[in-house]
Amino acid sequence: MLPALETELKQQTLPEAYEDFMYHHLQYYGYFKGPTCLSSTVHRQIEAVSRGISCPSRPENGNSYSLMLNSPLKSRQLLHDDLGEVNSRLREPRDLFAFFSSSGPLQAPRWPIECEVIKENIHHIEWVPPQPEYFYQPTGNEKAPEIVGEEKGTVVYQLDSVPTEDSYFTSSRVGGKPGIIKELAVTLQGPEDDTLLFESRFESGNLQKATRVNTYEYELTLRTDLYTNKHTQWFYFRIQNTRKDVTYRFTIVNLLKPKSLYTIGMKPLMYSQLDASTHSIGWRREGNEIRYYRSNTDDGQQPFYCLTWTIQFPHDQDTCFFAHFYPYTYTDLQCFLLSVANSPVQSQFCKLRTLCRSLAGNIVYLLTITNPARTPQEAAAKKAVVLTARVHPGESNGSWIMKGFLDFILSNSPDAQLLRDIFIFKVVPMLNPDGVIVGNYRCSLAGRDLNRHYKTILKESFPCIWHTRNMIKRLLEEREVLLYCDFHGHSRKSNIFLYGCNNNDHKFWLHERVFPLMLSKNAPDKFSFHSCNFKVQKCKEGTGRVVMWRMGILNSYTMESTFGGSTLGNKRDTHFTPEDLKSLGYHVCDTLLDFCDPDRTKFMQCLAELKELLQQEIHKKFKELGQDMDLEGSWSDISLTDIESSTSGSDSSFSDGLPVHLLNTADELNQKKKMYKKKKRKPLQSRKQRNKQYQKSNLMQESKLTEDAPEGAGFASTLQKRPAFFKNSENTSSSMMKNEKPRLNELNGRDKGTSLGPSKMTTLILTKNKERMQEVLTNRGVTISCEGCFTSTVTVIVRYREREARIYRIMLSKEKHKPQPRASSRYEAKLVQEQIPCHKGRPYDCGGIPILAHIHLPIGCLGHATQALPCCVLG
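None of the values given here were measured: they were computed from a predicted structure. Every residue gets a number counted from 1 within its own chain, in the order that chain's sequence is written. Per-residue local features of the predicted model are confined to residues with pLDDT of at least 70, and side-chain atom pairs are confined, for both listing and counting, to 80 or more; whole-chain, interface and lining totals are unaffected and use all residues. Side-chain calculation: all heavy atoms of the structure are included, whereas hydrogens and water are not.

## Structural notes on the overall build of the protein
Regarding its fold elements, the protein presents 23 helices and 30 strands. The buried share of the protein, taken over its 875 residues, is 51%. Only carbon and sulfur atoms are counted for the fraction: they give 50% of the accessible area of the protein, which is about 44,500 Å². Each helix is a run of H or I in the DSSP string that is no shorter than four residues. Each strand is a run of E no shorter than two, and both are numbered from the N terminus. Throughout, exposure labels follow a simple rule: accessible area from a 1.4 Å probe, protein chains only, divided by the maximum for the residue type, with under 20% read as buried, over 50% as exposed, and the rest as partly exposed. Calculation of accessible area relied on Shrake-Rupley with a 1.4 Å probe; when residues are assessed, cover is drawn exclusively from the protein chains displayed.

Written as structure tokens, this is what we have:
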């Protein structure tokens, strides 16, 4: 069993609890410095001092606490140099969570309470094959064995109980299920018994059942992701009692994906412990007669697919492992982080923290990597880069790329030092430790794909991605995040490529494609730019890539690395090794430097190349459609989404929604959120906003009165309670009416002699349609049922409780444009001139412009003329 994490201070057991408490209490307040443990003499001296008893080391005329004050009183929050001078720079805050220690151990993984776990520690050496490992070349004669099943075969290994979608996670513990571990493999009858012994109850292991259907032929059934009934892709299991020079056949019978890289010759991985111990040979690609085909069993549900291969083991009585890809476990990650934490150099610029704990209680680690800044201004100017991996636990290729990145960025390379100087790297190396531990392919212990729930509000059910999103949200408030990238694996496409998000801002048009293009130039034999896709599908809205893009990160990517190998350059038709993937982590760093080079030559060259590639793609699309179109002037305005096809993502792109037991919780949280929004009214920040609110309420009351009025009455009910400006308009001079009347009459096709009474004025301002009146009032515009050009300048006097008035000159203008869909035209009100305030009793200087109306408003509601006028004068 793996021990627990060591605490920061190594505490030594003391004779009495009181002495232990006093020692730490006095040390915390700075009375002691030096060794972390006190001798028995010192303990006796402290006890004597506390009781007021004289002791030989105490001066007769000294303070009774001179022993504790043998050195100057020093705060632990200040730094002191060798000469005792105080440096006011504060210490780095104490860590909230424990660090690793060289003598201390790792945190033991926590398993669901239903899982049995063997006590053996599984460890594999790293090894680079001396020769390229080529794909298997299918001949077309590969056998497709018919599935026999346990009815005609013998079950030699089977897990007792596997949690399916009918159950859900409840609790966890170190070591999994308590009690005695059962022996699931068959018992050998003697040394001549050649039955293989299977085992998968270790970290990241996955095999549910093995059935012997012939002497050297076995059918294998993979375990689905815990608390689900699907996602069978990842396998990793152990075989013992092998025989040399014998051809074995293994067939996995319950795969779910209709397409696979095995169809083009990808080989499974095999590991021999005898080869590792004697020849230092690690994982290698093995297998012949490889075939991926649809199963002949059909139970009316989702069809199964089979993978079959043959192999000859190198040794007798060997212990071997098979895996879908190079395993990288939670313990592997902790061993790596342990070495970083214990490095006196790397620990200076790589700070290890706990982001959160997973559903099972395993730590989700967060690394902050940057060189200390010399000034606060330099620290604030640094941009951030966020990298994450293993949100899908069966995609271990993401961990190998992450390891390559960390190896380089933590090195003493000049490029690495430069990157640490200009960036702050936030790294979450394993987002889904629970899934990695139990051997899931895609889901967490919530039974759902975490990369479809980045919008979740269920903090307790999806803690890893909730805290990751929250961390990035806080980071965006502090500084610009230049790039976000989530490392994944792909089961159906070769090479390495990126999924991004098309940018809609024409200012940054095609900028999101520059980084992938640069990466393809730096790693031409591994990275394929033509496999990249930037279309945002609706089913991908909950992914980390899209959610971070919508939060404001322009360069937001999902990096997909194949489980197979490359079809490019010198690596063509060969499998990727861990070194190949780690080298891509280095190329990510190298591309970051190119992307942020102050000399923008590379950037502009890539941008020009992207425009040319896009133009070629557009011509290709039109040619496929049988159209010939000249795009010289308008090709850059074509939507990129229309050009690109949908991404060849996973077969499980669509989210399954929430588990049944979480539906009520989500509904309750949504209800609380809505209630909180209703209760929390946004305070009005300014007089302008208060005026708007006041006017809006008046408009709603007037519109309600208008709608409640009888159809035949027209606006009679409204005129009975007409606004103050109508009353004032009746008392204004007749010259105002005579001057204003010709313009208004001309607009409405009326005779010049027609008088402008209140009802006719209302007809000019409001429409005759009841349903449209609410729209007019809400939009605060002028509606005049005529076409053509209209320009008029009117003067409005706004009075404040007879104390003060302001004169506004308003220009109403409307130029003739293209025909509008509405029958009425909309006019704009613009403030032309604001006169000086006029107090009561002083004449109003109108400059010869007729006064249209007087408006009475309470004190404090002045605002701008363009706010007051639409509701009071212009309808």
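## Some details on the packing of helix α11 (residues 514-522) against helix α14 (residues 601-624)
Two elements in contact, α11 and α14, have axes separated by 10 Å at closest approach and are oriented at 100 degrees. The angle between α11 and α14 places the two elements in the roughly perpendicular class. Mapping the contact onto sequence places Val-514, Leu-517, Met-518 and Lys-521 in α11 and Lys-602, Phe-603, Cys-606, Leu-607, Glu-609 and Leu-610 in α14. Polar here means any residue outside two lists: the nonpolar Ala, Val, Leu, Ile, Met, Phe, Trp, Tyr, Cys and Pro, and the charged Asp, Glu, Lys and Arg; Gly therefore counts as polar. Among the residues making up the contact of α11 with α14, the classes are represented as seven nonpolar, no polar and three charged. To define axes, lines are fitted to C-alpha atoms, for helices over the stretch in contact only, and angles between the resulting N-to-C directions are given on a 0 to 180 degree scale. Orientation categories follow fixed angle ranges, with anything under 35 degrees roughly parallel, anything over 145 roughly antiparallel, 65 to 115 roughly perpendicular, and all other angles oblique. Contacts were defined at the residue level, with two residues in contact if any of their heavy atoms lie within 4.5 Å.

## A closer look at the sheet that holds strand β20 (residues 481-490)
When DSSP finds two or more bridges between a pair of strands, those strands are recorded as paired. Read across the open sheet, the seven strands follow the order β16-β17-β19-β18-β20-β22-β21; overall the sheet is mixed. A single partner strand is all that each edge strand has here, and the edge strands are β16 (350-357) and β21 (496-499). When strand polarity is set aside, the average angle formed by the axes of neighbouring strands in this sheet is 20 degrees. Pairing analysis gives three bridges linking strand β17 (residues 363-369) to strand β19 (residues 423-428), with the strands arranged antiparallel. Residue pairing in the sheet places Leu-367 in a bridge with Val-427 of β19. In the packing of helix α10 (residues 463-478) onto the sheet, the strands contacted are β16, β17, β18 (383-389), β19 and β20, and the crossing angle to β16 comes to about 130 degrees. Each of β20, β21 and β22 (555-562) is contacted by α11, which is oriented at about 35 degrees to β22, the strand it contacts most.

## Quick look at the pattern of salt bridges
The rule for a salt bridge is simple: a side-chain nitrogen of Lys or Arg has to be within 4 Å of a carboxyl oxygen of Asp or Glu. Across all of its chains, the model carries 23 salt bridges by this definition. Between Asp-525 and Lys-526 there is a salt bridge; the shortest N-O distance is 3.5 Å. Of the residues examined, Lys-526 reaches a relative accessible area of 7% and is grouped as buried. In this structure, a network of salt bridges that share partners links the residues Glu-116, Glu-199 and Arg-201.

## Notes on helix α4 (residues 330-341)
For an α-helix the count is 3.6 residues per turn, leaving residues at separations of three or four pointing the same way. If you check α4, its first and last C-alpha atoms are 16 Å apart, about what twelve residues at 1.5 Å a residue would give, namely 16 Å. Of the surrounding elements, those touching the buried residues of α4 are α5 (346-349), β16, β17, α7 (397-409) and α9 (433-438). In this scheme, a helix's expected span is set at 1.5 Å multiplied by one less than its residue total.

## Some thoughts on the packing of aromatic side chains
Each Phe, Tyr or Trp ring, with Trp reduced to its six-membered ring, pairs with another whose centre is within 6.5 Å; inter-plane angles below 30 degrees give stacked pairs, above 60 give edge-to-face pairs, and intermediate values give tilted ones. On inspection of all chains with the given rule, the structure shows 33 aromatic pairs. Ring plane angle 55 degrees and centroid distance 5.5 Å describe the contact between Phe-250 and Phe-322, whose orientation is recorded as tilted. One end of the pair, Phe-250, is in strand β10 (residues 247-255); the other, Phe-322, is in strand β15 (residues 320-323), with 72 residues separating them in the sequence. Pair check on accessibility: Phe-250 and Phe-322 agree, each one buried. Measuring from centroid to centroid gives 5.3 Å for Tyr-271 and Trp-283, while their planes differ by 50 degrees, and the two rings are tilted. In this pair, Tyr-271 is assigned in strand β11 (residues 269-272) and Trp-283 in the loop between α3 (273-279) and β12 (284-285), connecting sequence segments twelve residues apart. Just as Tyr-271 is buried, Trp-283 falls in that class too. The ring of Phe-349 has Arg-420 lying over it, and the distance from NZ or CZ to the ring centre is 3.8 Å. A positively charged side chain is recorded as over a ring if its NZ (Lys) or CZ (Arg) lies within 6 Å of the ring centre. The angle to the ring normal must also be within 35 degrees. Taking the ring centre of Phe-603 as reference, the NZ or CZ of Arg-600 above it sits at 4.1 Å.

## Digging into the sheet that holds strand β7 (residues 209-214)
The sheet built from six strands is open, its strands ordered β4-β7-β8-β10-β14-β13 with mixed pairing. In this open sheet, the two strands that pair with only one neighbour each are β4 (154-158) and β13 (288-294). Each neighbouring strand pair of the sheet contributes to a mean axis angle of 20 degrees, computed without reference to strand direction. Looking at chain direction, β10 and strand β14 (residues 305-312) are connected through seven bridges and run antiparallel. Looking at the pairing, Phe-250 lines up with Trp-309 of β14.

## Remarks on the layout of surface pockets
A cavity here means a set of 1 Å grid points, computed over protein atoms only, where a 1.4 Å probe fits but cannot escape. A pocket is an open set with protein on both sides within 12 Å along at least 5 of 7 lines, and lining residues have an atom within 4 Å of a point. Grid points are joined across faces, edges and corners, and a volume is the space filled by probe spheres set on the points. Here the second largest pocket defines a volume of roughly 870 Å³. Around the second largest pocket sit 37 residues that line it, and Ile-122, Glu-203, Thr-329, Thr-331 and Asp-332 are the ones nearest its centre. For the lining of the second largest pocket, the secondary structure elements donating two or more residues are α4, α7 and α13 (578-595). Per-element tally for the lining of the second largest pocket: the top contributor is α4, with four residues. Per-class residue counts for the lining of the second largest pocket are 23 nonpolar, seven polar and seven charged.

## So, empty space enclosed by the protein
Empty space among the atoms becomes visible once a probe the size of a water molecule is rolled across them. What the rule picks out here adds up to eight cavities of 30 Å³ or more. Estimates place the volume of the largest cavity at around 260 Å³. For the largest cavity, the lining is made up of 20 residues, of which Cys-115, Glu-116, Leu-159, Ser-161 and Arg-201 are closest to its centre. A breakdown of the residues in the lining of the largest cavity according to their chemical character gives ten nonpolar, four polar and six charged.

## Quick look at the pairing of β7
In regular strands, side chains alternate between the two faces of the sheet. Pairing of β4 with β7 involves four bridges; the strand directions are antiparallel. Among the inter-strand pairings, Thr-154 is bridged to a residue of β7, identified as Arg-212. Sheet topology note: the β7/strand β8 (residues 217-221) ladder contains five bridges and is antiparallel. Bridging from a neighbouring strand, Thr-211 pairs with Glu-219 of β8. Hairpin connection of β7 to β8: two residues between the antiparallel strands.

## Here we look at the confidence of the model for the protein
One rule of thumb: low pLDDT means the predicted coordinates there are not for detailed reading. By definition, pLDDT measures how confident the predictor is in each residue, and it falls between 0 and 100. Of all residues in the protein, 62% attain a pLDDT of 70 or more, and the chain-wide mean is 74. Predicted confidence is poor over residues 1-15, with pLDDT under 50, and the contacts of this stretch with residues over four places away or in other chains come to 33 contacts. Note that residues 33-77 has pLDDT below 50 and, in this model, 42 contacts with residues that lie over four places away or in other chains.

## Considerations on α13
When the terminal C-alpha atoms of α13 are compared, their 26 Å separation across 18 residues agrees well with the 26 Å that a helix rising 1.5 Å per residue should span. Within α13, 15 of the 18 residues are buried, which leaves it mostly tucked inside the rest of the structure.

## A short note on the environment of Ile-553
Position of Ile-553 relative to the elements: it lies in the loop between α12 (544-550) and β22. Since its relative accessible area comes to 0%, Ile-553 is described here as buried. Spatially, the C-alpha atom of Ile-553 lies 9.9 Å from that of Ile-472, the residues being 81 residues apart in sequence. Excluding residues that lie within four positions of it along the chain, Ile-553 makes contacts with Ile-472, Leu-476, Val-481, Leu-483, Tyr-484 and Met-548.

## Details of the side chain of Asn-533
On the secondary structure map, Asn-533 appears in the loop between α11 and α12. On the accessibility criterion, Asn-533 (8% relative accessible area) is buried. In this structure the side chain of Asn-533 is engaged in a polar contact, spanning 3.0 Å, whose partner is the backbone nitrogen of Lys-535. Identification of polar contacts relies on pairs of N or O atoms within 3.5 Å, with a donor-acceptor requirement for protein atoms, meaning one able to donate a hydrogen and the other able to accept it, and with residues adjacent in sequence counted only if both atoms are side-chain atoms.

## What about unusual backbone geometry?
In this model, Tyr-227 sits at a positive phi of 65 degrees, which is unusual for a non-glycine residue. Its relative accessible area of 4% is what places Tyr-227 among the buried residues.

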